[in-house]
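Below are the chains, spelled out letter by letter.
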Amino acid sequence: MKMACCSCFGAITTRCYSCRKRQRYRRKRKPSKCERVWFVFLIFTFLVALVNSFYLFSVSNDSNEFNLYVWKTFEVWFPLYIIVLSVACVLFGYVALLLLFGIISVCLHQRLCMHVIHKVLICFVFVYHVAILTLFTFLDPVLWILASRYFQFSGPFLHLIAVVFVTIVTWFVAAGLGVLCSRGVTIRDMTLVYLLLLIGLYITPIFIKSPCIMDYSDTPDKPLIFAHKGAEMLAPENTDMAFRIALDDYKVHGIESDVRISRDGVPYVMHDNNLRRTTNVKDIFPKRYMESADNFTIDELKSLNAGSWFMTRDPFLTAGMLSSEQKDHYRSQKIPTMQEMIRMVLKRNRTLLFDIRPPPSGHPYIESWLNVTLNTIRDEGIADQDLEFWKAPNGPHYVVFIKVFDKRKIQNVHHSIPFKYISSNATMNISTNVWNVKEKWLFSLFWCVGTSSVTTSACHTLQQLDSPSWQLSHQHYLIMWILFDVASLVWVVVLFIIQISRRHQSATVKSDRYNYTDFITLEEMTSNTASTTVNSAHMDAVSKKQTSTSTQSGLERESNHVL
């Protein structure tokens, strides 16, 4: 039964790996050097695909930036990130499955002979993953910081997964070393190297520094949440509806937005420097749609529709959950002025944080845009002690913080900021606001670091979190780490002993089974059996002949008697 299962399993894996029937034992040959090179290349492609898949998952926080890049380049809304990630996962699964079939074929002593279609496909997989890594690195090298932070967040669990995986693979490694041992090859050095690699894996947690490993009593307060452009994942960004959903439905601490100045000197709410992405300017002003948004007067801006684009493109795949009434309401959204936004936020006793962006050259307010905007803020009753503004370190714009209901001294920084910078600010009684944090894992990481507030596009998910995604005390993590490593080490040693001893016994039985005397005995038995068979056949023939003769004689006597 065991041999039948192995034969069936070997046939399946051989069919999948090389698209041919399984070879019989007498036809087995060692794989050629070319096939060995292809197998090594398959392993290398698997590792590249693994790294790229991990990278793509880690940069999901900035996934919308890739879609915006496509829009700015080609003015076509294309869900680049989702498609790239989906294709990468499918290709990674294919390479992992093919590698598994190859390893099983090696364990069943089948000759490696990869089909030409598989060779073409793994070349494509390799080129695809390398191209994606290169492209995303070229677009934004800072994204590798996100990858390192995702490793910080998931590192303890990745270590446990790696320990379990290596423990399982040890069965096949020990079997291979057992084969070498049965052939008289010294495996002491190779076994020692493998065990040293295992020990290196076991002590890896020494170098994993995750902020989420802390005593439960030291857990910081949950960061306050600023809604980026309102609830922009649920409603058209920088509109009255997006602000209301964030403030009323999800009770955010404040709103983070962007302010520009119109051609007639009225500050209004808009992120992009043009109107093509978030309005129907091409339909209303077909000859001016390429102009800067600041070249339009406030009346012209108010005549545009700022909500239909959200329903048409569905940038965050949330428009399908809306009712017909909500869709109609979204389609009627307009561009708000800065005064309207301030009144809405302060009426609810919340905080406001926004960027004031300068107009293009040749604008009537190119010299006074900042003073005009600040005076408009003061006209809303905001005292100077409740108004802070500073030059942004990453551009020509200014950051404004209206702190009527929030008296903190705040610094607004990108999520690539070093963690030690946040701790240093805290010692100086400076609150750090980190933008733009969308994913739960990144929010949990900044929570454990001690960030006072974050700006997020996903206020509907982060506001519902009551604790970090995971947290372990140093004692609990140490116990878990030691238990996993000790259990794995014991199991690895047992597997090595079992496999090597089995191979040694198998080799002994095989040598005893085919000695010279056994061949002589077998030959004599075969000869005797053949002689017995021949004699028996001869006796049967003689007997049949005598019976036939006697029968014929009896018939003749009977015939004569009748006559």
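Here goes a summary of the coordinates provided.

Analysis parameters
Residues numbered from 1 in each chain as written. Predicted model: local features only at pLDDT ≥ 70, side-chain atom pairs only at ≥ 80, totals over all residues. Heavy atoms only, no water. Helix = DSSP H or I, 4+ residues; strand = E, 2+ residues; numbered from the N terminus. Buried < 20%, exposed > 50% of the residue type's maximum accessible area, 1.4 Å probe, protein only. Contact = heavy atoms within 4.5 Å. Areas by Shrake-Rupley, 256 points an atom, 1.4 Å probe, with all protein chains shown as cover. Salt bridge = Lys/Arg side-chain N within 4 Å of Asp/Glu carboxyl O. Pairing = 2+ DSSP bridges. Right-handed = clockwise from strand over helix to strand, strands pointing away. Polar contact = N/O pair within 3.5 Å; in protein donor to acceptor, adjacent residues only side chain to side chain.

With that settled, the discussion passes to the overall build of the protein chain. Helix and strand counts for the protein chain come out as 19 helices and nine strands. In the protein chain, which comprises 563 residues, the share counted as buried stands at 44%. Taking the contacts inside the protein chain whose residues are at least 6 apart along the sequence as the reference set, 70% of them involve residues at least 24 apart. When the accessible surface of the protein chain is summed, it comes to about 30,500 Å², and 63% of that surface belongs to carbon and sulfur atoms.

Inspection of the entire model under this criterion finds 20 salt bridges. Asp248 is the partner of Arg348 in a salt bridge, and the nearest nitrogen-oxygen pair spans 2.7 Å. Placement of Arg348 in the loop between α13 (338-347) and β4 (351-356) and of Asp248 in helix α8 (residues 240-249) is noted, with a sequence separation of 100 residues between them. A residue is classified by how much of its surface remains accessible, and Asp248, at 30% relative accessible area, is partly exposed. Between Asp406 and Arg408 there is a salt bridge; the shortest N-O distance is 2.9 Å. Exposure class is identical for Asp406 and Arg408. Each is buried. In the salt-bridge network here, residues are joined through shared partners; they are Lys229, Glu232, Glu237, Asp272 and Arg277.

Moving on, we come to the pairing of strand β6 (residues 398-402). Within β6, four of the five residues are buried, leaving the element largely enclosed by the surrounding structure. Of the pairings in the sheet, the one linking strand β5 (residues 387-391) to β6 comprises five bridges and is antiparallel in character. Residue pairing in the sheet places Phe389 in a bridge with Val400 of β6. Turn length for the β5-β6 hairpin, with the two strands adjacent in sequence and antiparallel, is six residues.

Before going further, it helps to spend a moment on the pairing of strand β7 (residues 410-414). Bridge count between β7 and strand β8 (residues 431-435): five bridges; the pairing is parallel. From the neighbouring strand, Asn412 faces β8, where its bridge partner is Asn433. Remark: the β7/helix α15 (residues 419-427)/β8 crossover connection has right-handed handedness.

Along the chain, Gln471 falls in the loop between α17 (459-462) and α18 (474-513). A polar atom in the side chain of Gln471 sits 2.6 Å from the side chain of Thr219. Other than its neighbours up to four places away in sequence, Gln471 contacts Cys212, Met214, Asp215, Tyr216 and Thr219.

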